[in-house]
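Structural features, examined
The lines below spell out each chain.
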Amino acid sequence: MGRKSIDELVRADEGLISRSIFVDDEIFQQELQRVFSRAWLFVGHESLVPNPDDYFVSRMGTESVILTRDRQGQIQVMLNSCAHRGMKLCRYDHGNNRTFTCPYHGWSFSTDGKLVERPGELVGVPGHATHYKGELDKKQWGLKTVAQVVNYKGAVWATWDPDAPPFLDYLGNMRLYLDAALDHRDGSAGGSEVIGGVQKWRVKCNWKFAPENFIGDLYHDISHRSVDIVGIGPGGGRGRRDPSATRSAICFPELGHGLLGRLPFYEEGPYAPQYARYPEVEAYYREVHERRERTLGSAMRVQTSVGTIFPNMSFHGRQPRTLAVFHPISPTEMEMWRMYLVDKDAPEAVKEAARHYFLRYSGPGGMTESDDMENWTGATEASMGTMSRELYFNYQMGVGHAEPVPEIPGCAVNGEYTEENARIYYRRWAQFMNGLSWDELMAGAARAQEKAA
Ligand code: FES
Ligand code: FE
C-alpha cells in the first residue's frame, strides 16, 4: 500500500488533517528526527537549578538530557547518556553534582570550566594509564551537548541544530505573549520561580493533541462545564469561564505559535477574579498590575490566556501562570510536565493561594486537566484502527477568515472561536516534516517583518 505524502496527510488549507499522523509509528520516528532534533525546545526553568552544580533531568523529544548550572553560573544542557556504552548518567530527577560518574564502568564527566574546556568533557577514566595504555583521547569522548542553549527570562530553551536561527527570531512577535507568562511584571521586578516541583505524568495519547488544544481551542470549553459549575476556574464561580476576558484566537502563521488572548491596547477588566475570596492575594495582583500599567504603559498591555510555542510547549499566561511541556514517548503516549510559576518575591499567602489553585485546577489530579486527558486519550484510541486511521479530522472552523493585525507584524486574528490556530500549527509541522531548510522555514516571518517596516 502506497504511503501518503506529508502534503496529502496535512491539508491545512482545507481544514483536513489525517488521523494517521496521530497514531503512525513511522510518522512518529520521522517527527523525532525532523521536528525534535531541529526545533527550539523548552527544557526547564532556571529556578530548578538555582546553585552551581545543581542539575535537573529533562527531556528533548524521547531523549533524556541533563540541565545543569556550571560553576560559572552558566546553564548547560547535555545528553544524559554515557559516551562509553550509553548508560544513563543521572538516574535521579534532580540533585547537585560537580562531576557525573557513570555507574557502569566509572567514566566521569565534568562541567567545571576550571577543569575542562567544554561542558560535559570526559575527566576520569578508570584504568586510563593501564588498561587503555594512556591512548584514549579523553577530549574526543565527552557528553554530547546541545548546539545552542538560551535562558530567556528564566525559561531555558535548547536545540540540537547548530543552524537553527536565534531563539528570539524563532519566537518572533509571539515574544510579547510569552513575556506575559514568564514575567508578567515590568522587567525590573524580581523574576519568577517554579513552586511545588514539577508535576509529571503519562497520558495515553499522541503528544500533538495537547499543544493543539493550548494553541487556541476555546471550542472545547464544553468539556470543562463541571469546573465552571463548581466555580474553581478562572471565572471565580461566576458560571461561564472567565466572563471578564473576551479572548481572541491570535496566531503567528509563519512560525506555528498561537494563543488565546488579547491584542495590545485593550481595556483591562477585573484582575484575577478567582482570587476575590482571598483579599490579600487579590490586593497583591492588583498592585502588581497597576505598577505594570504605570511602568510599561499601554504598548505592553497584552494578555495571554493559554498559548503554544511550536512544537510542544504551552503556558497559561494570565494569573496564575503555568508552563507545560508535552514529551513524545510513542505515537500513542506522551509524558506531560507542568510547572507552576509565581513571582519570586510574592508574599507567602500569594504563593500558597497559587499552589492550592494549581492543585485543584491543573495537573494530573486537577479538574480541568483530567477532562482534557480523557478527550485526548479517547481520540487517540479511537483513531488507531485500520478503518479510523484512514479518515481525516475536521479543522474547518473559520477557514479564510483570519485577519492580519497591523500593529504586530506576522500576527493574525480571527475572533474567539476558530480552528485557524490549529491549522497554522499543523502547516508548520508539515514544513518541518518536509525537511525545509531554515532559510525556507524563516522566509515567511522575515517577509512579514519587512512588510510592516
Ligand atoms: Fe559509562 Fe561504560 S557505560 S562507563
Ligand atoms: Fe482544556
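Further up the page is the structure itself.
My aim in this report is to walk through the structure given alongside it, one point at a time. Computed from a predicted structure; not experimentally measured. (Residues numbered from 1 in each chain as written. Chains lettered and ligands numbered in written order. Predicted model: local features only at pLDDT ≥ 70, side-chain atom pairs only at ≥ 80, totals over all residues. Heavy atoms only, no water.)

Some remarks on the sheet that holds strand 1 (residues 10-11)
- Taken in spatial order, the 3 strands line up as 1-2-20 in an open sheet, and their pairing is antiparallel. The open sheet terminates on both sides in strands that have one partner only, identified here as strand 1 and strand 20 (392-394).
- Sheet analysis places strand 2 (residues 16-18) next to strand 20, joined by 3 bridges and oriented antiparallel. Opposite Ser18, over in strand 20, you have Tyr392 as the bridge partner. (Pairing = 2+ DSSP bridges. Helix = DSSP H or I, 4+ residues; strand = E, 2+ residues; numbered from the N terminus.)

What about the coordination of the iron ion (ligand 2)?
- Listed as protein donors to the iron ion (ligand 2) are His220 (NE2), His224 (NE2), Asp372 (OD) and Asp372 (OD); their distances from the metal cover 2.1 to 2.4 Å.
- Here the iron ion (ligand 2) is ringed by 4 donor atoms whose angles at the metal span 55 to 142°, and the overall shape comes out irregular.
- Counting along the primary sequence, the residues that act as donors to the iron ion (ligand 2) give the motif H-x3-H-x147-D. Note that His224 is positioned in the loop between helix 5 (209-214) and helix 6 (225-230) and Asp372 in helix 9 (residues 367-381), a separation of 148 residues in sequence. For the residue pair His224 and Asp372, the accessibility class agrees, reading buried in each case. (Donors = N, O, S within 2.8 Å, 3.2 Å for Na, K, Ca; no water. Tetrahedral: all angles 85-135°; square planar, octahedral: opposite > 155°, others 65-115°. Buried < 20%, exposed > 50% of the residue type's maximum accessible area, 1.4 Å probe, protein only.)

Overview of the pairing of strand 12 (residues 155-159)
- A large share of strand 12 lies buried, amounting to 5 of its 5 residues.
- What you see with strand 12 is no split at all: Ala155, Trp157 and Thr159 on one side and Val156 and Ala158 on the other are buried throughout.
- Looking at chain direction, strand 3 (residues 41-45) and strand 12 are connected through 4 bridges and run antiparallel. Within strand 12, the residue paired with Gly44 across the bridge is Val156.
- Bridging between strand 11 (residues 148-152) and strand 12 involves 5 bridges; their strand directions are antiparallel. Paired with Asn151 across the strands is Val156, a residue of strand 12.
- Once strand 11 ends, the chain turns through 2 residues before running back antiparallel as strand 12, passing Lys153 with a positive phi of about 50°.

Looking at the side chain of Asp54
- Mapping Asp54 onto the fold places it in strand 4 (residues 54-60).
- Buried charge without a salt bridge: Asp54, with Arg69 as the nearest opposite-charge side chain at an N-O distance of 6.1 Å.
- At 2.8 Å, the side chain of Asp54 and the side chain of Asn96 are in polar contact. (Lys, Arg positive; Asp, Glu negative; His and termini not counted. Salt bridge = Lys/Arg side-chain N within 4 Å of Asp/Glu carboxyl O. Polar contact = N/O pair within 3.5 Å; in protein donor to acceptor, adjacent residues only side chain to side chain.)

Let's talk about the sheet that holds strand 6 (residues 75-79)
- Overall, antiparallel pairing links the 4 strands, which are arranged 6-5-4-7 in an open sheet. Edge positions in the open sheet fall to strand 6 and strand 7 (94-96), since each of these has one partner strand only. Along the sheet, successive strands turn relative to each other by an average axial angle of 30°, direction set aside. (Axes fitted to C-alpha atoms, helices over the stretch in contact; angles between N-to-C directions.)

Observations regarding the environment of Pro404
- The topology assignment puts Pro404 in strand 21 (residues 403-404).
- When the C-alpha positions of Pro404 and Pro253 are compared, they lie 9.9 Å apart, and in sequence the two are 151 residues distant.
- The contact partners of Pro404, leaving out residues within four places of it in the chain, are Cys411 and Ala412. (Contact = heavy atoms within 4.5 Å.)

Structural notes on the state of the cysteines
- For the structure on display, the rule yields 0 disulfides.
- Looking at the unpaired Cys251, the closest cysteine sulfur is the one in Cys411, lying at 6.9 Å. (Disulfide = S-S within 2.5 Å.)

Considerations on the pattern of salt bridges
- Scanning all chains against the criterion turns up 21 salt bridges.
- Ionic pairing is found between Lys153 and Asp179, a salt bridge with its closest N-O pair at 3.8 Å. Of this pair, Lys153 sits in the loop between strand 11 and strand 12 while Asp179 is found in helix 4 (residues 175-182), placing the two residues 26 residues apart along the sequence.
- Connected through shared salt-bridge partners, Arg3, Asp24 and Glu26 make up one network.

Overview of the packing of helix 2 (residues 25-36) against helix 10 (residues 420-433)
- Between helix 2 and helix 10, the least distance of the axes is 9 Å, while the angle of their chain directions is 85°. It follows that helix 2 is roughly perpendicular to helix 10 by the angle criterion. Contacts between helix 2 and helix 10 involve Ile27, Gln30, Glu31, Arg34 and Val35 on the former and, on the latter, Trp429, Phe432 and Met433.
- Tallied by class, residues from the contact of helix 2 with helix 10 come to 5 nonpolar, 1 polar and 2 charged. (Parallel < 35°, antiparallel > 145°, perpendicular 65-115°, else oblique. Nonpolar A, V, L, I, M, F, W, Y, C, P; charged D, E, K, R; others polar.)

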